[in-house]
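Observations on chain architecture
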Amino acid sequence: MSAQAIIDYETLEDVQLAQLLGARDANAVRLVTTRNNQRLFRTAWSILKHRAEAEDAVQSAYLKAFAAIESFEGRSSLSTWLTRIVINEALGRQRSAKGRRA
């Protein structure tokens, strides 16, 4: 019988969480999304002013962030890093919408 270490996800540093995200650890994904969903949605909504677009922007930003999690260096907090990705995603969507209207 092998002993598995029990991980206390709540006490992990952001770099450790990022490593677990890179390893596709479901508990790490759940913790990060639970901690950041409201903040990220509000950020996207403040730019887009449309609920469905903001939700889509957050979801797309999570996918981009998790795909590039190896680039997280820990120079900022994980939530700050995710917020910047959401801002970039929302601004890109806003630019696309303006281009389609023009």
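This text gives an overview of the structure that appears in the document. Because the structure is a prediction, the values reported are computed rather than measured.

Across all of its chains, the model carries six salt bridges by this definition. With its nearest N and O atoms 3.2 Å apart, the salt bridge here joins glutamate 55 to arginine 51. Taken as a pair, glutamate 55 and arginine 51 lie in helix H3 (residues 51-67) at a separation of four residues, close to a single helical turn. A salt bridge links arginine 75 to glutamate 73; the nearest nitrogen and oxygen atoms lie 2.8 Å apart. The exposure class of arginine 75 is exposed, given its relative accessible area of 76%.

Within the largest apolar cluster, 28 residues are counted, with the highest numbers of intra-cluster contacts made by Leu17, Leu21, Val32, Ile69, Leu78, Trp81 and Leu82. With sequence-adjacent residues up to four places away left out, leucine 78 is seen in contact with Asp14, Leu17, Leu21, Val32, Ile69 and Phe72.

Another point: the packing of helix H2 (residues 26-48) against helix H4 (residues 78-101). At a closest axis distance of 9 Å, the pairing of H2 and H4 adopts a crossing angle of 35 degrees. Crossing geometry of H2 relative to H4 is assigned as right-handed. Contacts from Val32, Asn36, Arg39, Leu40, Thr43, Ala44, Ile47 and Leu48 in H2 reach Leu78, Ser79, Thr80, Leu82, Thr83, Val86, Ile87, Ala90, Leu91, Arg93 and Gln94 in H4. When grouped by side-chain class, the residues that make up the contact of H2 with H4 number eleven nonpolar, six polar and two charged.

Let us now look at H2. Asparagine 36 marks where H2 bends most, by close to 50 degrees. Looking only at H2, the buried set comprises Ala28, Leu31, Val32, Thr33, Asn36, Leu40, Thr43, Ala44, Ile47 and Leu48. Buried-residue contacts for H2 involve helix H1 (14-22), H3 and H4. Measuring from the side-chain oxygen of the N-cap residue of H2 to the backbone nitrogen of asparagine 27 gives 2.9 Å; that N-cap residue is aspartate 25. A positive backbone phi angle near 55 degrees is found at lysine 49, which sits one or two residues after H2.

Here we come to the packing of aromatic side chains. Under the criterion given, the structure shown has two aromatic pairs. Between phenylalanine 72 and tryptophan 81, the aromatic rings sit 5.4 Å apart at their centres with planes inclined by 65 degrees, giving edge-to-face as the arrangement.

Thresholds applied
- Residues numbered from 1 in each chain as written.
- Predicted model: local features only at pLDDT ≥ 70, side-chain atom pairs only at ≥ 80, totals over all residues.
- Heavy atoms only, no water.
- Salt bridge = Lys/Arg side-chain N within 4 Å of Asp/Glu carboxyl O.
- Helix = DSSP H or I, 4+ residues; strand = E, 2+ residues; numbered from the N terminus.
- Buried < 20%, exposed > 50% of the residue type's maximum accessible area, 1.4 Å probe, protein only.
- Core = buried A, V, L, I, M, F, W, Y, C linked by side-chain atoms within 4.5 Å.
- Contact = heavy atoms within 4.5 Å.
- Axes fitted to C-alpha atoms, helices over the stretch in contact; angles between N-to-C directions.
- Left-handed = near helix turned anticlockwise from the far one by under 90°.
- Nonpolar A, V, L, I, M, F, W, Y, C, P; charged D, E, K, R; others polar.
- Bend = angle between axes of the 7 residues up to and from the residue.
- Polar contact = N/O pair within 3.5 Å; in protein donor to acceptor, adjacent residues only side chain to side chain.
- Phe/Tyr/Trp six-rings, centres within 6.5 Å; stacked < 30°, edge-to-face > 60°.

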